[in-house]
Each structure stands twice: as structure tokens, then as C-alpha cells.
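If you want the building blocks of each chain, they are given just below.
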Amino acid sequence: MADVLSQSQIDELLKSMSGGGGPVAETKVEEKETVKPAEETKYNKYDFYSPRKFTKERMKMLTSSYENYARILTSQVNGIFRAMTDITVLDVQEKRYYEYVNSLHENDEVTLIDVSTPDGVKNNIAMYMYVTPGLILTLISHMLGGGDKVVKEESDYRYSDVERALYIRVVKYFIQALKDGFSNYINLDFTLSRVEANPSMLQDVGLDEAVAIIHLNVDVAGLAVEKIRICMPGTLLELIFLLIDSRKHIAKGFSYHDNRDIILENIRYSQLPITAELAKVQLNLNDIYRLQVGDIIDLNKMENSNVNLYVGRQPWFTGRMGVSKKNLAVQIEGLVGNSSEEEEQEELAEVSAD
């Protein structure tokens with residue numbers, strides 16, 4: 001007795017015949033083999049025992065500042081040291097201070113940088129910068145007239161006394177560029193504090209304190225990849241973000257603090273020069289050259305007319321010349337523009353001159 005085929009089986013047979021024949025089961029196996037497995041999405045692990053202290057907007061602002069810093073530093077390094085480098089921001093994350101210390105070796109050179117504002121506000125805890133020895137030695141080689149070769153050294157390389165002095169000079173260029181990197185948000189001054197040869201001895205920051213760790217990738221002429229790792233303590237970040245927020249509010253036209261009385265108190269005791277001007281006369285250089293003792297210069301002004309008192313370069317008051325305690329003095333009679341007596345006297349002087 002012949003088997004009865006269903007409609008679906010008939011459709012599969014027709015498809016296999018139109019495709020060149022072959023068993024249906026084999027085509028199904030081939031289709032399964034061509035399917036690629038879905039890629040797994042990777043997520044960053046969040047430690048709920050140490051929650052984040054700064055928001056994503058804060059970290060984006062910090063990332064933007066260091067991206068600007070990386071562009072400026074690239075142009076400066078290429079121009080000063082004549083080395084083909086490409087510096088980019090690899091990562092900016094909020095972590096704990098022990099994660100930064102654990103990434104360093106015992107003999108690594110770490111630079112401490114003091115941060116302050118032009119107003120005198122200074123953070124008591126410095127920020128840290130570590131540069132891999134390969135980058136430092138390569139730049140030193142270019143500084144001393146070496147070739148285009150790249151110097152490769154281990155991360156625990158120990159600098160000699162001469163190399164340490166040149167190391168400080170190179171790092172100063174890195175520090176100076178930080179000011180321009182943050183200039184879009186805030187005006188800060190970065191200065192070299194000291195160089196620490198043993199980072200494990202740094203106890204200014206607690207091991208569990210929140211810090212921002214910035215990784216900069218340095219591609220040296222496509223021949224080597226070096227790193228710059230920067231650590232900004234949480235107290236420093238809080239100060240920077242507080243100053244940025246306060247200046248934003250001031251820029252919008254209001255502030256949390258009313259400093260009007262303080263400003264007026266400081267202005268009240270400021271010293272300004274006051275000058276009395278009798279009149280203005282224009283003479284030729286030949287006439288000035290021929291002046292002798294006893295000559296008289298006609299000021300075209302009446303004897304009892306008022307004089308102008310200038311505060312700085314602006315006329316403020318009108319007054320009358322006199323004597324006080326055997327010294328020449330000016331008695332103030334009014335503000336400039338409020339008295340019509342001076343104009344009348346000038347008109348009389350013009351009429352008498354005619």
C-alpha cells in the first residue's frame with residue numbers, strides 16, 4: 001500500500017527538486033551550520049559595596065577635558081620633541097585609590113601635581129601622574145638629538161640621576177598642558193610638587209577613597225604603545241565640580257551668595273589718583289622751544305573760573321583754586337555736568353578774547 005504524502009512534504013520535495021536535488025535533511029543541516037551564534041553583550045560590573053560618588057554627567061565632563069588635553073599634548077610633544085605620537089583617552093573611570101596603587105610597581109616614578117585656582121583656592125591633596133619609562137626615555141633621546149628609534153624599557157625601570165633630572169623637565173610639559181585642557185570649564189593652575197620614587201609610600205589618600213583614574217594611550221610612531229595614568233582624588237574632583245557649578249550660576253545672572261557688601265567694602269578703601277586741570281592749551285613745538293623764564297602763556301580762561309578734577313582719566317568734579325594751610329588747594333563746588341556756571345564763564349572768556 002502506497003504512503004500518502006502530506007501537503008508540507010510535497011512542498012519540501014518540490015523545493016529540493018528545483019534547487020538541484022538532494023535530501024531534504026541535508027539542506028536543513030547546512031542551514032543550521034551557516035547560522036552564527038549571537039554575540040554576548042558585555043556589561044561592566046557594579047560593586048554595590050562601594051557605590052559611585054560622581055554622576056555620569058560629571059565623568060563625561062572630565063572625559064571631555066582630558067580629550068582636549070590629549071589633543072593639546074599631542075601637538076606640543078610632536079612640536080617640542082619632534083616625535084610622531086598620537087595620544088588618545090583610553091578610559092576615564094571612578095574607582096578606588098588602591099586600584100591605582102596596585103597597578104604600579106615599587107620602583108615606578110610618580111609625579112605629584114598641586115592644583116589651585118587663580119583666586120588662591122588650593123586643594124591640600126595633590127593629583128598623581130605616572131608615565132611609562134619607554135615614553136620618557138624616547139622623548140629624552142629626541143631631546144638630546146637621538147634618532148627616530150623607540151626606546152623600550154620595562155615598567156620597573158630605575159632612572160639614573162641625570163635621567164631623573166631630564167624626566168622632571170619632560171613631565172613639566174605634560175603638566176603645563178593640563179591648564180589648557182580644563183580651560184573650557186574652569187581656570188586652574190597645575191604645578192609640579194615633587195617626584196616620588198616609591199608610590200607605595202604615598203599615604204595622602206585613603207585606600208578606599210573614591211578617585212578618578214584616567215588612562216591615556218600614547219602611540220609612538222606606530223612602533224610602540226606607551227601609557228600615561230593619572231589619578232585625581234575625590235576631594236579635588238569635588239572642589240572642581242563645586243567651582244564649575246558656582247560659576248555656571250553666576251553666568252546665568254544669579255548666585256547663591258550676595259557679595260555686594262564685601263565688594264563695596266573693598267572698593268571703599270581703594271586709592272585713586274585725583275588731578276586738577278586748569279586749562280588746555282595747544283602750542284607749536286617751535287613756541288615751546290623758545291619759552292624762557294618769565295614768559296606768560298595765555299590759557300584763555302578767566303582768573304576766577306572753575307577747574308576740573310579728574311579721578312583717574314575721567315572728569316568728576318568742578319572746583320575753585322585756593323590756599324589751605326599755605327598749600328594750593330581746590331574747593332569742590334559740584335559734579336561735572338550739573339553746574340552751568342562753568343559754561344557761562346567759558347562763554348564770557350570767549351567773548352573777551354574776541
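Going by the structure above, here's the rest.
Residues numbered from 1 in each chain as written. Predicted model: local features only at pLDDT ≥ 70, side-chain atom pairs only at ≥ 80, totals over all residues. Heavy atoms only, no water.

Student: What's the story with the pattern of salt bridges in this structure? I'm lost.
Tutor: Where charged atoms of side chains with opposite charge meet at close range, the side chains can pair. Under the criterion given, the structure shown has 9 salt bridges. One salt bridge in this structure joins D245 and R58, with 2.7 Å as the shortest N-O distance. Separated by 187 residues along the polypeptide, D245 in helix α7 (residues 234–251) and R58 in helix α3 (residues 56–80) bring together distant segments of the chain. Assessed through its relative accessible area of 22%, D245 is described here as partly exposed. Note that R194 and E196 form a salt bridge whose closest N and O atoms lie 3.5 Å from each other. Overall, R194 belongs to the partly exposed group, its relative accessible area being 37%. Salt bridges sharing partners connect three or more residues here, namely E109, D161 and R164. (Salt bridge = Lys/Arg side-chain N within 4 Å of Asp/Glu carboxyl O. Helix = DSSP H or I, 4+ residues; strand = E, 2+ residues; numbered from the N terminus. Buried < 20%, exposed > 50% of the residue type's maximum accessible area, 1.4 Å probe, protein only.)

Student: Before we go on, may I ask you to explain the nonpolar core in this structure?
Tutor: When a protein is soluble and globular, its nonpolar side chains tend to lie buried together. The biggest cluster of nonpolar side chains holds 54 residues, and the ones touching the most others in it are F174 and M232. Top element by residues in this core is α3. It accounts for 9 residues. Look past the residues within four positions of M232 in its chain and what remains in contact with it is L62, Y66, M127, F182, V211, A212, I214, L237 and I240. Core analysis: the next-biggest nonpolar cluster, separate from the first, contains 15 residues, Y97, I125, Y130 and V211 among them. (Core = buried A, V, L, I, M, F, W, Y, C linked by side-chain atoms within 4.5 Å. Contact = heavy atoms within 4.5 Å.)

Student: Just to check I follow, could you spell out the sheet that holds strand β9 (residues 314–324) for this structure?
Tutor: Remark on secondary structure: sheet strands pair via backbone hydrogen bonds, oriented parallel or antiparallel. One open sheet accounts for 4 strands, arranged β7-β8-β9-β10; its pairing is antiparallel. Across the chains shown, the open sheet's two edge strands, defined by having one partner strand only, are β7 (274–277) and β10 (327–335). Taking the axes of each pair of neighbouring strands and ignoring which way they run, one obtains an average angle of 40 degrees across the sheet. Note: β9 against β10, 8 bridges, orientation antiparallel. Its bridge partner lying in β10, G322 is registered against A329. (Pairing = 2+ DSSP bridges. Axes fitted to C-alpha atoms, helices over the stretch in contact; angles between N-to-C directions.)

Student: What is the right way to read helix α6 (residues 161–181) from this model?
Tutor: Spacing of three or four residues puts side chains on the same side of an α-helix, whose turn is 3.6 residues. Taking 1.5 Å per residue, 21 residues should reach 30 Å; α6 reaches 31 Å between its end C-alpha atoms and fits that length. For α6, the complete set of buried residues consists of E163, L166, Y167, V170, V171, F174, I175, A177, L178 and G181. Here the buried face of α6 lies against α3, β2 (110–116), β3 (127–131), α5 (133–143), β4 (189–196) and β6 (224–233). (Expected span 1.5 Å × (residues − 1).)

Student: Please clarify how the sheet that holds β6 should be interpreted in this entry.
Tutor: Sheet architecture is open: 6 strands sit in the order β1-β5-β6-β3-β2-β4, paired in antiparallel fashion. Two strands in the sheet have a free side with no partner beyond their single neighbour: β1 (85–96) and β4. Neighbour-to-neighbour, the strand axes of this sheet turn through a mean angle of 25 degrees, independent of strand direction. Running at roughly 70 degrees to β3, α5 makes contact with β3, β5 (210–220) and β6 of the sheet.

Student: Help me understand the packing of α5 against α6, please; the structure alone is not making it clear to me.
Tutor: Packed helices, taken two at a time, are described by their axes: the angle between them and the distance between them. Running from amino to carboxyl end, α5 crosses α6 at an angle of 95 degrees, the nearest separation of the two axes being 10 Å. Judged on the interaxial angle alone, α6 and α5 are roughly perpendicular. For the pair α5 and α6, the contacting residues are L135, I136, L137, L139, I140 and M143 in the first and E163, L166, Y167, R169, V170, V171 and F174 in the second. Taken together, the residues that form the contact of α5 with α6 break down as 11 nonpolar, no polar and 2 charged. (Parallel < 35°, antiparallel > 145°, perpendicular 65-115°, else oblique. Nonpolar A, V, L, I, M, F, W, Y, C, P; charged D, E, K, R; others polar.)

Student: Hey, could you run me through the pairing of β3 in this one?
Tutor: Looking along a regular strand, one sees the side chains alternate between the two faces of the sheet. Across the 5 residues that make up β3, a large majority, 5, are buried. The side-chain alternation of β3 yields two buried faces, one formed by M127, M129 and V131 and the other by Y128 and Y130. Here β2 pairs with β3 via 4 bridges, running antiparallel. Bridge pairing in β3 links V110 to Y130. Sheet analysis places β3 next to β6, joined by 4 bridges and oriented antiparallel. Each bridged residue has a counterpart across the sheet, and for M129 the counterpart in β6 is I230.

Student: Could you clarify how one ought to interpret the packing of aromatic side chains in this entry?
Tutor: To describe a pair of aromatic rings, one takes the distance between the centres and the angle between the planes. Enumeration over the complete set of coordinates arrives at 9 aromatic pairs. The interplanar angle of 90 degrees and the centroid separation of 5.7 Å between the aromatic rings of Y157 and Y159 together place this pair among those described as edge-to-face. Assessed through its relative accessible area of 7%, Y159 is described here as buried. One aromatic cluster in this structure is built from Y66, Y69, F182 and F190. (Phe/Tyr/Trp six-rings, centres within 6.5 Å; stacked < 30°, edge-to-face > 60°.)

Interpretation in functional terms is not warranted from these geometric data alone.
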